[in-house]
Amino acid sequence: MSGGEGNEEYGRKRFERSASHFTDRITADGRDGRRVEAGRYRLVVSRACPWASRAVISRRLLGLQDALSMAIADPVQDDRSWRFTLDPDGRDPVLGIRFLKEAYDARESDYPGGVSVPAVVDVPSGKLVTNDYQRLTLDLATEWTALHRPGAPELYPERRRDEIDAVTAEVYEDVNNGVYRAGFATEQKEYEEACTRVFRRLEALSDRLAGRRYLVGETITEADIRLFTTLVRFDPVYHGHFKCNRWKLSEEPVLWAYARDLFQTPGFGDTVDFDHIKRHYYRVHTGINPTGIVPVGPDLSGWLTPHGRADLGGRPFGDGTPPGPVPAAEVVPPRGRP
Ligand SMILES: N[C@@H](CCC(=O)N[C@@H](CS)C(=O)NCC(=O)O)C(=O)O
């Protein structure tokens, strides 16, 4: 493994997140050579991964589950990276492969980068199309519209894009990626700087969210999805494993209520598997947790308690509606839920 997290190299040098390597876009008009098409592509994710989880949430909010099927990898990679050991015979039933690496190899032999999720694979050829997680959710929101469910929210509305881009850039740098920089630091100063930035930014976000329900505008957007995927992992893994421990999310009233509000919104919490999250981080990053022991806590029951944020106004889905129930095949098992 190389390129992303879960890499022994992180024990030795400053943490740098590699750029996504395969960036082909699937668009409504096919201008990049690939056109949006129902049933043609398979989204490969790990429910443990915050970058993949953005796509899992977007896909569900937008009602794309029938158009874009989803493969869920075992949360614990081995030296062959992501595996389909949760499926019968250890094979993804649609792609017929045992390891995501097979789709990367089909695309490019001897590809030097890491095998990362999220990945979109072309079903007929079995080849990887893209692992560009930054672009993927924006394209699901704006290029896949013909296949959205009726009532799908506008997650990246044109009139709000500048503001969403500005907020998500700061959230990425200091929060989404900031926790990794703190967690994989190998020098005291580097860790302290990263950790300080994480909390400084979280405090600014708390101020922003004190009087408004969502980050941008009065509905959920891409910006909320991107902040949520880090907040939901904060107490279970980033606080302990990544040493981002000035305070716990559950000790910060505004962000904790904001995160619970989203968690309880259909499409967010019902995609979260705390069991996958904890096992992935604590077992895979042997550089920072050599025993691989997965902690028992934290108590997750608080996620389901009232959040009181509805009083701030806001309309989660704007003129749209919440997604329906999770399809039976995609329900998170009880051990992963609060
Ligand atoms: N590293 C990916 C971003 C997504 C990512 O880091 N995913 C992680 C899981 S949270 C992963 O698959 N890591 C394995 C690897 O990159 O080797 C990229 O640069 O595009």
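What you see is a predicted model, and the numbers here were worked out from it, not measured in a lab. (Residues numbered from 1 in each chain as written. Predicted model: local features only at pLDDT ≥ 70, side-chain atom pairs only at ≥ 80, totals over all residues.)

With that settled, consider the sheet that holds strand β5 (residues 119-122). Taken together, four strands build an open sheet; the order of strands is β4-β3-β5-β6 and the sheet is mixed. Edge positions in the open sheet fall to β4 (69-72) and β6 (127-130), since each of these has one partner strand only. Along the sheet, successive strands turn relative to each other by an average axial angle of 35 degrees, direction set aside. Running at roughly 130 degrees to strand β3 (residues 41-45), helix α1 (residues 50-62) makes contact with β3 and β4 of the sheet. (Pairing = 2+ DSSP bridges. Helix = DSSP H or I, 4+ residues; strand = E, 2+ residues; numbered from the N terminus. Axes fitted to C-alpha atoms, helices over the stretch in contact; angles between N-to-C directions. Contact = placed C-beta atoms within 7 Å.)

This paragraph deals with the domain arrangement of the chain. A common way to report how large an interface is uses the accessible area buried once the components associate. Taken as a whole, the chain is organised into domain 1 (8-147) and domain 2 (159-336). Once you take the C-alpha centre of each, domain 1 and domain 2 turn out to be 21 Å apart. Facing 27 residues of domain 1, the contacting portion of domain 2 comprises 28 residues. Of all elements in the fold, only α1 and α3 (133-142) reach the threshold of two or more residues within the side of domain 1 that touches domain 2. In terms of residue class, the side of domain 1 that touches domain 2 is made up of 12 nonpolar, eight polar and seven charged. (Domains from an automatic or database assignment. Nonpolar A, V, L, I, M, F, W, Y, C, P; charged D, E, K, R; others polar.)

Those places that UniProt annotates as "domain: GST C-terminal" (unreviewed entry) correspond, in this numbering, to residues 157-284. End C-alpha atoms of residues 157-284 are separated by 37 Å, and the span's content is 66% helix alongside 0% strand. (UniProt positions renumbered as here; feature names shortened; annotations may be inferred.)

Here we come to the nonpolar core. As a rule of thumb, soluble globular proteins bury nonpolar side chains together. Residues V45, L100 and A259 are the most contacted members of the largest nonpolar core, which totals 90 residues. If you tally residues by element for this core, the top one is helix α7 (residues 222-238), at nine residues. Each of domain 1 (8-147) and domain 2 (159-336) contributes no fewer than three residues to this core. Excluding its chain neighbours within four sequence positions, the residues that come into contact with A259 are F228, L231, V232 and L249. (Core = buried A, V, L, I, M, F, W, Y, C linked by C-beta atoms within 7 Å. Buried ≥ 20, exposed ≤ 12 C-beta atoms within 10 Å, placed from the backbone.)

It is at 10 Å that the axes of α7 and helix α9 (residues 274-284) come closest, and there the two elements cross at 50 degrees. Considering the angle they form, α7 stands oblique to α9. Seen from above, α7 lies across α9 with right-handed handedness. Residues R233, P236 and V237 of α7 pack against F274, I277, K278 and Y281 of α9. (Parallel < 35°, antiparallel > 145°, perpendicular 65-115°, else oblique. Left-handed = near helix turned anticlockwise from the far one by under 90°.)

A few words on the packing of α1 against α7. At a minimum axis distance of 9 Å, the contact between α1 and α7 shows a crossing angle of 125 degrees. Taken together, the axes of α1 and α7 lie oblique to each other. Here α1 and α7 pass one another in a crossing that is right-handed. Contact residues: P50, S53, R54, I57 and S58 in α1; I225, R226, T229, T230 and R233 in α7.

Below, the discussion takes up helix α8 (residues 253-263). When you tally the buried positions in α8, you get eight out of 11 residues, the bulk of the element. When α8 is considered as a whole, its buried residues turn out to be L255, W256, Y258, A259, R260, D261, L262 and F263. Against α6 (188-210) and α7 lie the buried residues of α8.

Both β5 and β6 contribute to a ladder of three bridges, which runs antiparallel. When the sheet's bridge partners are listed, V121 is paired in β6 with L128. The antiparallel hairpin formed by β5 and β6 contains four residues in its connecting segment, where G126 sits at a positive phi of about 75 degrees.

So, about unusual backbone geometry. The step from V117 to P118 runs through a cis peptide bond, and the omega angle for that step is 0 degrees. As for its placement among the helices and strands, P118 is situated in the loop between α2 (101-107) and β5. For the bond running from G297 to P298, omega is 0 degrees, close enough to zero to count as cis. Non-glycine residue S81 carries a positive phi angle of around 70 degrees. For S81, a count of 19 C-beta atoms within 10 Å corresponds to the partly exposed category. Positive phi, close to 60 degrees, is recorded for K243, a residue that is not glycine. Mapped onto the elements, K243 comes out in the loop between α7 and α8.

Between its terminal C-alpha atoms helix α4 (residues 161-176) stretches only 19 Å, short of the 22 Å expected from 16 residues at 1.5 Å a residue. Looking only at α4, the buried set comprises I164, V167, T168, V171, D174, V175 and N176. One side of α4 carries all its buried residues, which in axial view fall inside an arc of 155 degrees. Of the exposed residues in α4, the ones pointing more than 90 degrees away from its buried face are D162, A166 and A169. (Expected span 1.5 Å × (residues − 1). Arc of directions from axis to C-beta.)

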